Amino acid sequence: MTFDCDGAISLGNTLKLTNATTIDASGHSITLSGSNAVRILYINPGVTASLINLRLANGYFAGSNGLVSTSGQPGAGAAVFNEGGIVALTGCVVISNVVVGGSGYTNFGAMHSSGGTGQGAAIWNSGGSVSVTNCIFTANRATGGAGAPFDSGFPPGAGGDARGGAIGSFGG
């Protein structure tokens with residue numbers, strides 16, 4: 001996909017790449033925006049994605065809150081979540097993307113669970129590969145989820161950790 005114009009594309013849903021894809025904004029000013037509401041790109045396992053001269057801004061992803069006996073789930077990859085694909089970014093600006101771990105579960109009268117981890121706000125790589133060339137990462141933020149509050153004499157759940165405001169990776 002190439003562009004013949006400049007502008008911002010505000011997404012209402014995550015773009016899921018299921019086939020090899022190149023998004024090339026060379027010579028133009030193109031922003032893909034999550035509008036502070038959605039993750040921008042999800043790359044399926046085995047998919048090759050090339051992102052060239054794009055601005056990826058204002059992506060947002062929050063992990064699910066904990067349920068009975070479970071902690072909050074991780075929040076990861078607000079701009080790009082790579083689930084085992086091959087991703088290459090060249091000349092991109094990745095800015096103001098936020099992930100938040102889910103909150104812990106409050107089980108009144110019993111033990112409370114912990115908040116989920118916030119990790120890899122701009123890019124999260126899970127079992128794939130990511131290469132970054134001549135890109136700028138700025139103002140990306142990962143925040144751990146809140147632990148369940150103190151109740152009925154039981155200690156509160158621990159807050160979730162925050163890791164990798166820009167890039168996080170596991171198993172790749």
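Above this text you will find the structure in question.
Residues numbered from 1 in each chain as written. Predicted model: local features only at pLDDT ≥ 70, side-chain atom pairs only at ≥ 80, totals over all residues. Heavy atoms only, no water.

Its place among the elements puts G84 in the loop between strand 10 (80-82) and strand 11 (86-90). Remark: the alpha-carbon pair of G84 and S126, spanning 42 residues in sequence, is separated by 5.7 Å. The contacts of G84, once residues within four sequence positions are left out, are N44, P45, G46, S126, G127 and G128. (Helix = DSSP H or I, 4+ residues; strand = E, 2+ residues; numbered from the N terminus. Contact = heavy atoms within 4.5 Å.)

So, about the environment of F170. As for its position among the elements, F170 is in strand 20 (residues 167-170). Take F170: its relative accessible area is 60%, and that puts it in the exposed class. Separated by 46 residues in the primary sequence, F170 and W124 place their C-alpha atoms 8.2 Å from one another. (Buried < 20%, exposed > 50% of the residue type's maximum accessible area, 1.4 Å probe, protein only.)

This brings us to the nonpolar core. With 25 residues, the main nonpolar core has L41, I43, L51, L54, L56, V80 and L89 as its most contacted residues. Elements that contribute at least two residues to this core include exactly strand 4 (30-33), strand 5 (41-43), strand 6 (48-52) and strand 11. (Core = buried A, V, L, I, M, F, W, Y, C linked by side-chain atoms within 4.5 Å.)

What follows is about the sheet that holds strand 4. A sheet is described by the order of its strands in space; here five strands give the open sequence 1-4-7-12-17, paired in parallel fashion. Each edge of the open sheet is held by one strand with a lone partner, namely strand 1 (7-10) and strand 17 (136-138). Across this sheet, the average inter-strand angle for adjacent strands is 15 degrees, counted without regard to direction. In the sheet, strand 7 (residues 55-57) pairs with strand 12 (residues 93-95) via three bridges, with the strands oriented parallel. Residue R55 lies in a different strand from strand 12, and its bridge partner there is V93. (Pairing = 2+ DSSP bridges. Axes fitted to C-alpha atoms, helices over the stretch in contact; angles between N-to-C directions.)

Positive phi outside glycine occurs at S96, with the angle close to 55 degrees. Considering the arrangement of structural elements, one finds S96 in the loop between strand 12 and strand 13 (98-100). Positive phi values are uncommon outside glycine, yet A139 reaches one of about 60 degrees. Its place among the elements puts A139 in the loop between strand 17 and strand 18 (141-143).

In spatial order, the strands read 8-13-18; together these three strands make up an open sheet with parallel pairing. Every interior strand has two partners, whereas the edge strands, strand 8 (60-62) and strand 18, have only one. The mean inter-strand angle of the sheet, taken between neighbouring strand axes irrespective of direction, is 5 degrees. Sheet topology places strand 13 next to strand 18; three bridges connect them, and they run parallel. Within strand 18, the residue paired with V99 across the bridge is A142.

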